Amino acid sequence: MKRHAPESHMLASVMFDLRPIAGKTDLFQNLQAETLEAASKKSIFMAHMVANSLKHTPPLGLLRGFSTVRTTRGGNQVDLKHNGVIPVTDLARVYALQSQLREINTRARLQAAEQVGMISSAGARELIAAYDLIATLRLENQMRLIQAGQKPDNYLSLSELPDFQRHHLRDAFVVVRTMQAAISQGRRMPV
């Protein structure tokens, strides 16, 4: 049995995020439909995609506190891209593959997954809200860094957030962790 490198999973993920920018879009639509159908029927492939979607986890500690890292800018920071945005994007991709959904955008995939019953309405709303909060905080942080003359990155210093926002960010990460736990056990998102 041939073992596939982690890069293979990443490249497969990229394949499912393709979108046409010019030319005959019907060629793309046919390729996408065939690819989605074939992928969704391969249980081993889907198991690998689910496992890949669990590689990036929210930065939560044992008691739902934050698990932070030290960067060149200091300590108590969380990586909003790798521990927030990517896990949601990966979950949405798996839902799209499982249901053969053609949507590419993360939010659109989550909404479509709700429409076909892959996740509950409450689960979709919560995950979209979590995704929006994490992505917004990431962009606002990058904007602050640029305005301060620094190179933008994905690390947010928790000390820069008011308690209210910090609590909401923690709640957003809990939603992502809950969704990951559900998909890792082969369950749909609880209502």
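Structure: see above.
Now for a description of the structure that goes with this document. In every chain, residue numbers begin from 1 and rise along the written sequence. Where local features are concerned, this predicted model is filtered to residues with pLDDT of at least 70; where side-chain atom pairs are given and counted, the filter is 80 or more; whole-chain, interface and lining totals use all residues. Side-chain metrics in this entry use all non-hydrogen atoms of the structure; hydrogen atoms and water are not considered.

**Here's the deal with helix 6 (residues 121-147)**
In step 1: Compared with the 39 Å implied by 1.5 Å per residue over 27 residues, the 39 Å span of helix 6 between its first and last C-alpha is a close match.
In step 2: When accessible area is computed with a 1.4 Å probe and restricted to protein chains, residues below 20% of their type maximum are described as buried, those above 50% as exposed, and intermediate ones as partly exposed. Secondary structure follows DSSP: runs of H or I at least 4 residues long count as helices, runs of E at least 2 residues long count as strands, and numbering of each begins at the N terminus. By the burial criterion, the buried members of helix 6 are Gly 123, Ala 124, Leu 127, Ile 128, Ala 130, Tyr 131, Ile 134, Leu 137, Asn 141, Gln 142 and Leu 145.
In step 3: Residues of helix 6 that are buried make contact with helix 4 (81-99), helix 5 (106-115), strand 3 (155-157) and helix 7 (163-184).
In step 4: Within two residues after helix 6, Gly 149 carries a phi angle of roughly 80°, on the positive side. Expected span of a helix: the number of residues minus one, times 1.5 Å. Any two residues having at least one pair of non-hydrogen atoms within 4.5 Å are treated as being in contact.

**A few points about the nonpolar core**
In step 1: Nine residue types can take part in a nonpolar core, namely buried Ala, Val, Leu, Ile, Met, Phe, Trp, Tyr and Cys, and a core is a set of them joined through side-chain atoms within 4.5 Å. Formed by 43 residues in total, the largest nonpolar core has its most connected members in Leu 80, Tyr 95, Leu 110, Ile 119, Leu 127, Ile 134 and Leu 169.
In step 2: When contributions to this core are tallied by element, the ones reaching two or more residues are helix 2 (25-41), helix 3 (43-53), helix 4, helix 5, helix 6 and helix 7.

**As for the pattern of salt bridges**
In step 1: Whenever a carboxyl oxygen of Asp or Glu lies within 4 Å of a side-chain nitrogen of Lys or Arg, that contact is scored as a salt bridge. Scanning the model with the defined rule gives five salt bridges in all.
In step 2: Across the pair Asp 163 and Arg 166 runs a salt bridge whose closest N-O atoms are separated by 2.2 Å. Taken as a pair, Asp 163 and Arg 166 lie in helix 7 at a separation of three residues, close to a single helical turn.
In step 3: The exposure class assigned to Asp 163 is partly exposed, which follows from its relative accessible area of 47%.

**Regarding the packing of aromatic side chains**
In step 1: Side-chain rings of Phe, Tyr and Trp, where Trp is taken by its six-membered ring, are said to pair if the distance between their centres is within 6.5 Å; with planes under 30 degrees apart they count as stacked, over 60 as edge-to-face, and otherwise as tilted. Tallied over the entire structure, the rule returns one aromatic pair.
In step 2: An angle of 85° between the planes, with centres 6.1 Å apart, marks the rings of Phe 66 and Phe 173 as edge-to-face. Of this pair, Phe 66 sits in the loop between helix 3 and strand 1 (69-71) while Phe 173 sits in helix 7, and the two are 107 residues apart along the sequence. The exposure classification of Phe 66 matches that of Phe 173, with both residues buried.

**With respect to a nonpolar patch on the surface**
In step 1: Patch definition: residues with relative accessible area over 30% and no salt bridge; like charges joined within 9 Å; nonpolar side chains (Val, Leu, Ile, Met, Phe, Trp, Tyr) joined within 5 Å. Accessible surface is estimated by sampling points in the Shrake-Rupley manner with a 1.4 Å probe; for residues, cover comes only from the protein chains shown. Nonpolar side chains collect at one region of the surface, where Val 14, Met 15, Leu 18 and Leu 31 lie side by side and expose about 300 Å² of accessible area between them.
In step 2: Residue Val 14 is classed as partly exposed on the basis of its relative accessible area of 43%.

**A short note on the packing of helix 3 against helix 4**
In step 1: Taken N-terminus to C-terminus, the directions of helix 3 and helix 4 make an angle of 165°; their axes are 9 Å apart at the nearest point. By the criterion of interaxial angle, the relationship of helix 3 to helix 4 is roughly antiparallel. In this structure, helix 3 crosses over helix 4, and the sense of that crossing is left-handed. Mapping the contact onto sequence places Met 46, Met 49, Val 50, Asn 52 and Ser 53 in helix 3 and Asp 90, Leu 91, Arg 93, Val 94, Leu 97 and Gln 98 in helix 4. Where helices are involved, their axes are fitted lines through C-alpha atoms of the stretch in contact, as for all axes, and angles between N-to-C directions lie from 0 to 180°. Angles are sorted into four bins: roughly parallel if under 35 degrees, roughly antiparallel if over 145, roughly perpendicular if 65 to 115, and oblique for all others. Less than a right angle of anticlockwise turn of the near helix away from the far helix marks a crossing as left-handed, whereas a clockwise turn marks it as right-handed.

By themselves, these observations are geometric and do not establish any function.
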